[in-house]
Amino acid sequence: MSNLTYEEIFGRLVKASYQGKLQEEIDSLESSGDEHTRQYVQYALGKGDPDRVVFQVKSCNKRCSEEDHSCEASCLFNAVVRDMEGNVVIQDRNCTHCGECIETCSLDSLVDKKEFIPLVEILQSKEIPVFAMVAPAIIGQFGGDVTMGQLRAALKHLGFYGMIEVALFADVLSLKEALEFDKHVQTDKDFVLTSCCCPIWVGMVKRVYDTLVPHISPSVSPMVACGRGIKRLHPDAKTVFIGPCIAKKAEAKEPDIRDAVDAVLTFHELKQIFEATDIEPSEMEDIPSEHSSTSGRIYARTGGVSKSISDTLNRIRPDKPVKIKSIQANGIKECKTLLNDIMNNEIKANFYEGMGCPGGCVGGPKAIVDVDRGTEFVNIYGAEADALTPADNQHVLELLKQLGIDSVEELLGGESAAIFQRNF
């Protein structure tokens, strides 16, 4: 029993939660394990510092080489260091809790807190509506033939009130970002950094390349937009984001946007939850309710944001003389190179898109399928949309009216549209 991994412990606790035997399982795990097991149990239950995501369970003095994916080398912000005895130490003042170090550690020394089990009682009681907000990258992750409608049914079987595609709110942000570009890029010397998707990209700009902050387009991420949108329409609701990224757990806790999302699950965690509760998405009934355009759906892969906003700009501002000329950074190394080039005044584009994971969100650390297949699924699903851009998507226009936004132009400064605004 004491050899159980952190992920195995999480799966057992999820199963026990749905069976009404959680405390029995906790007692069993803790009595048969060691001090590390007890810590794993606590973090798998969602306990620990509420503002933290990454926790160090074991003292580690193994000197992993960069070829072994050293946790020190993986950290963008020099938060992982070693003390005089060679033990790994996380410096909280530098840690952004992005989770990059966790993926490199094969010893279960570093773990990310799980946020699902505290929700189980709420999901089972159904007294409060809990919405699952699924990232655009989810298509194909649970089987190439599994539809969004089947995922919706599977989540309902877990107790969720409903499932919302975050791609619908990516549509809203495509409109906003297109208007921001139209406003801020007037000459060949102007440029913007998109802030829409990736918390690693935003974190790099804010903490390392902070002189570029004025060029960040002032928009929240689609995840935050979705959470705030749901809560405006359903003030008592709980919102749960489901995606391929640990860093989203940290983003959801940032002080200026922590009102939007109550919990974050990864695709891996959702897979464990389905397995623990004997839910097979491919066997579920199909409950179709797809409202997003091609633009919103392709946010999940590198280049998708650039294309979405470019297509949207051409649709709503066809006469704008300065068109989007974009460059994408694919993965952390390319993000650093791109930002260094900008810092050195090597400006080669007017729209810069950074993705911390190779391939974009489909290449996230907690994606289930490989990046090439994930990209293919996203592109196919994008092509199946009824509308190419949000400007042609009646569902988006109806949603804006429900949120108190009467015209697209209000996204730049209207009071009701403040939920989509972020100040860097």
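Residues numbered from 1 in each chain as written. Predicted model: local features only at pLDDT ≥ 70, side-chain atom pairs only at ≥ 80, totals over all residues. Heavy atoms only, no water.

Just to check I follow, could you spell out the nonpolar core for this structure?
Leu155, Leu193, Leu411 and Phe420 are the most contacted members of the largest nonpolar core, which totals 129 residues. Per-element tally for this core: the top contributor is helix H8 (residues 166-184), with 10 residues. Beyond its immediate stretch of four places on either side in the chain, Phe420 contacts Phe169, Val172, Leu173, Lys176, Pro218, Ser219, Val220, Ala225, Leu403, Ile405 and Leu411. Listed in part, the 16 residues of the second largest apolar core include Cys71, Cys75, Val88 and Ile246. (Core = buried A, V, L, I, M, F, W, Y, C linked by side-chain atoms within 4.5 Å. Buried < 20%, exposed > 50% of the residue type's maximum accessible area, 1.4 Å probe, protein only. Helix = DSSP H or I, 4+ residues; strand = E, 2+ residues; numbered from the N terminus. Contact = heavy atoms within 4.5 Å.)

What is the right way to look at helix H1 (residues 6-19) in this model?
Along an α-helix, residues three or four positions apart point the same way, because every turn accommodates 3.6 residues. Compared with an ideal rise of 1.5 Å per residue, which puts 14 residues at 20 Å, H1 spans 20 Å between its outermost C-alpha atoms and is within 8% of the ideal. Against the buried residues of H1 lie helix H2 (22-32), helix H3 (35-44), strand E4 (110-112), helix H6 (117-125) and helix H12 (267-276). Looking one or two residues beyond H1, the residue adopting positive phi is Gly20, at roughly 75 degrees. (Expected span 1.5 Å × (residues − 1).)

Would you mind going over the pattern of salt bridges with me for this structure?
It is possible for side chains of opposite charge to pair when their charged atoms get near one another. With the rule as written, the count across this model stands at 22 salt bridges. Taking the shortest distance from any N to any O, the salt bridge between Arg422 and Glu254 comes out at 2.2 Å. With Arg422 in the segment after helix H17 (394-402) and Glu254 in the loop between helix H11 (247-251) and strand E9 (263-266), the pair connects residues that are 168 residues apart, well separated along the chain. Overall, the relative accessible area of 6% leaves Arg422 in the buried class. Accessibility expressed as a relative area gives 22% for Glu254, which makes it partly exposed. By sharing partners, the salt bridges in this structure join Glu7, Asp112, Lys114, Lys249 and Glu269 into a single network. (Salt bridge = Lys/Arg side-chain N within 4 Å of Asp/Glu carboxyl O.)

I'm lost on the packing of aromatic side chains in this one. Help?
Two measures describe an aromatic ring pair: the distance that separates the ring centres and the angle between the ring planes. Tallied over the entire structure, the rule returns eight aromatic pairs. Considering the side-chain rings of Phe142 and Phe267, the 6.4 Å spacing of their centres and the 75 degrees angle between planes classify their relative orientation as edge-to-face. Note that Phe142 is positioned in the loop between strand E5 (130-134) and helix H7 (148-158) and Phe267 in helix H12, a separation of 125 residues in sequence. The exposure class of Phe142 is buried, given its relative accessible area of 12%. Sitting above the plane of the Phe10 ring, Lys114 keeps its charged end 5.4 Å from the centroid. Stacked on the ring of Phe241, the Lys or Arg Lys248 has its end atom at 5.9 Å from the ring centre. (Phe/Tyr/Trp six-rings, centres within 6.5 Å; stacked < 30°, edge-to-face > 60°. Lys NZ or Arg CZ within 6 Å of the ring centre and 35° of its normal.)

Can you help me understand the environment of Cys95 in this one?
Of note, Cys95 is situated in the loop between strand E3 (88-90) and helix H5 (100-104). Each C-alpha atom of the pair Cys95 and Cys198 lies 17 Å from the other, and the pair is 103 residues apart in sequence. Those residues in contact with Cys95 that lie beyond four places of it in its chain are Ala79, Ile90 and Arg207.

Help me understand the sheet that holds strand E10 (residues 326-330), please; the structure alone is not making it clear to me.
The strands that make up a sheet are held in pairs by hydrogen bonds between backbone atoms, and each pair lies either parallel or antiparallel. Sheet architecture is open: three strands sit in the order E7-E11-E10, paired in parallel fashion. Both edges of this open sheet fall to strand E7 (192-193) and E10, since each of them pairs with a single strand only. Relative to strand E11 (residues 351-355), E7 runs parallel, the two being bridged by two bridges. Note that in E11 the partner of Leu193 across the bridge is Tyr352. (Pairing = 2+ DSSP bridges.)

Got a minute to help me understand the sheet that holds strand E6 (residues 162-165) in this structure?
Taken in spatial order, the four strands make up an open sheet running E6-E5-E8-E9, and their pairing is parallel. Only two strands of the sheet have a single partner each, and these edge strands are E6 and E9. Between one strand axis and the next, the sheet turns by 25 degrees as a mean value, whatever way the strands run. Its contacts with the sheet place H8 against E5, E6 and strand E8 (238-243), and it is angled at close to 35 degrees to E6. (Axes fitted to C-alpha atoms, helices over the stretch in contact; angles between N-to-C directions.)

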